[in-house]
Amino acid sequence: QMVIDLDGDVGIGIAAPEATLHVQTATAGTVTPSTEGDDLVVESSGHTGISILSADDNNGYLYFGCPDAAANSYIQVGHNATPADTAMIFGMAGAEKMRLEGNGNFGIGESDPGNGGFFDVAGTSGTVGALFGDDTSAEKIASFQTGTGAHTDRRGRLAVLGTNYGANDSIALASVGAPSSRLVL
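Residues numbered from 1 in each chain as written. Predicted model: local features only at pLDDT ≥ 70, side-chain atom pairs only at ≥ 80, totals over all residues. Heavy atoms only, no water.

### Regarding the overall build of the protein chain
Piece 1. Each helix and strand in the protein chain was counted, giving zero helices and 15 strands.
Piece 2. Pairs at least 24 residues apart make up 4% of the contacts formed inside the protein chain by residues separated by at least 6 positions.
Piece 3. Total accessible area computed for the protein chain in this model is approximately 11,400 Å², and 57% of it derives from carbon and sulfur atoms. (Helix = DSSP H or I, 4+ residues; strand = E, 2+ residues; numbered from the N terminus. Contact = heavy atoms within 4.5 Å. Areas by Shrake-Rupley, 256 points an atom, 1.4 Å probe, with all protein chains shown as cover.)

Now the structure itself:
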């Protein structure tokens, strides 16, 4: 059933819609939508969802905007050939700000967080970021870096060392590259 009430609200599956468009497959119980989220209500008595479906190798989008910035903020899900290549991207001010990749890598300010870390925070050129995870060496690191590119310009790191420096189960504070000056605990 579909109704249009005297206020112009449309109900699909519900006789008294509580939103501009209210789609109900079953009642969720006594619940009223927030006035800040009552333009579209999807309601059911069990798991409830909205699907954005796109073809393979294409993206699905959810945009947020206003008159001054029509597509200012967004959530994008890229569907690639393999699930590991899929990414969920969060953008603001029209640009990517955060990314979660299908392989679990997570980046803030970094469009390629798989470049050596599982959690990658990047700053702008000349500022400090942080890379947490597995470096290309045998050590597990928290690396504080400057510069851009493939994270080769290391300026300091806190590392749990493996066999790299001959000290198993050690914690080291190191300077650029293989530590010429370091404190190992």
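Read on, since the account is not over.
### Topic: unusual backbone geometry
Piece 1. The backbone of D57 shows a phi angle near 60°, a positive value even though the residue is not glycine.
Piece 2. Its place among the elements puts D57 in the loop between strand 4 (40-43) and strand 5 (59-66).
Piece 3. A positive phi angle, close to 55°, is found at A93, a residue other than glycine.
Piece 4. By the element assignment, A93 lies in the loop between strand 7 (87-92) and strand 8 (95-101).
Piece 5. Overall, A93 belongs to the exposed group, its relative accessible area being 61%. (Buried < 20%, exposed > 50% of the residue type's maximum accessible area, 1.4 Å probe, protein only.)

### A word on the packing of aromatic side chains
Piece 1. As enumerated under the stated definition, the model contains two aromatic pairs in all.
Piece 2. Seen in terms of ring centroids, Y61 and Y63 are 5.4 Å apart; in terms of plane orientation they differ by 20°. Their pairing is stacked.
Piece 3. Residue Y63 is classed as partly exposed on the basis of its relative accessible area of 44%.
Piece 4. Between Y63 and Y74, the aromatic rings sit 5.8 Å apart at their centres with planes inclined by 45°, giving tilted as the arrangement. (Phe/Tyr/Trp six-rings, centres within 6.5 Å; stacked < 30°, edge-to-face > 60°.)

### Considering the pairing of strand 4
Piece 1. Burial of the side chains of strand 4 is restricted to one face: V41 and E43 are buried, whereas none of L40 and V42 on the reverse face is.
Piece 2. Direction of pairing for strand 3 (residues 21-24) relative to strand 4: parallel, over a ladder of four bridges. When the bridges of strand 4 are listed, L21 appears paired with L40. (Pairing = 2+ DSSP bridges.)

### Overview of the sheet that holds strand 2 (residues 10-12)
Piece 1. Judged by pairing direction, the sheet is mixed, and its four strands sit side by side in the order 1-2-3-4 without closing on themselves. Of all the strands in the sheet, just strand 1 (2-4) and strand 4 have a single pairing partner and so form its edges. Direction aside, the axes of adjacent strands within the sheet are offset by 10° on average. (Axes fitted to C-alpha atoms, helices over the stretch in contact; angles between N-to-C directions.)

### Here we look at the confidence of the model for the protein chain
Piece 1. Averaged over all residues, the pLDDT of the protein chain equals 73, while 58% of them reach at least 70.
Piece 2. Confidence, read as mean pLDDT per element, is least for strand 11 (residues 129-134) in the protein chain (51) and greatest for strand 2 (97).
Piece 3. Contacts for the low-pLDDT stretch residues 163-168, under 50 throughout, to residues beyond four places or in other chains number 15 contacts. (pLDDT = per-residue confidence, 0-100.)

### Structural notes on the environment of N80
Piece 1. Looking at the element boundaries, N80 is found in the loop between strand 6 (69-78) and strand 7.
Piece 2. Under the relative-accessibility criterion, N80 is labelled partly exposed at 40%.
Piece 3. When the C-alpha positions of N80 and N59 are compared, they lie 8.6 Å apart, and in sequence the two are 21 residues distant.
Piece 4. Not counting residues within four places of it along the chain, the set of residues in contact with N80 comprises D57, D85 and T86.

### So, a nonpolar patch on the surface
Piece 1. A cluster of nonpolar residues, M2, I4, I12, L21, L40, V42 and I50, forms a patch on the protein surface that exposes about 640 Å² of accessible area.
Piece 2. Elements represented by at least two residues in the nonpolar patch include exactly strand 1 and strand 4.
Piece 3. Mapped onto the elements of the fold, I50 is located in the loop between strand 4 and strand 5. (Patch = residues over 30% accessible without salt bridge, like charges linked within 9 Å, V, L, I, M, F, W, Y side chains within 5 Å. Salt bridge = Lys/Arg side-chain N within 4 Å of Asp/Glu carboxyl O.)

### What about the side chain of S73?
Piece 1. In this fold, S73 is placed in strand 6.
Piece 2. For S73, the residues in contact, after removing those within four places along its chain, are L62, Y63, F64, G91, M92 and A93.

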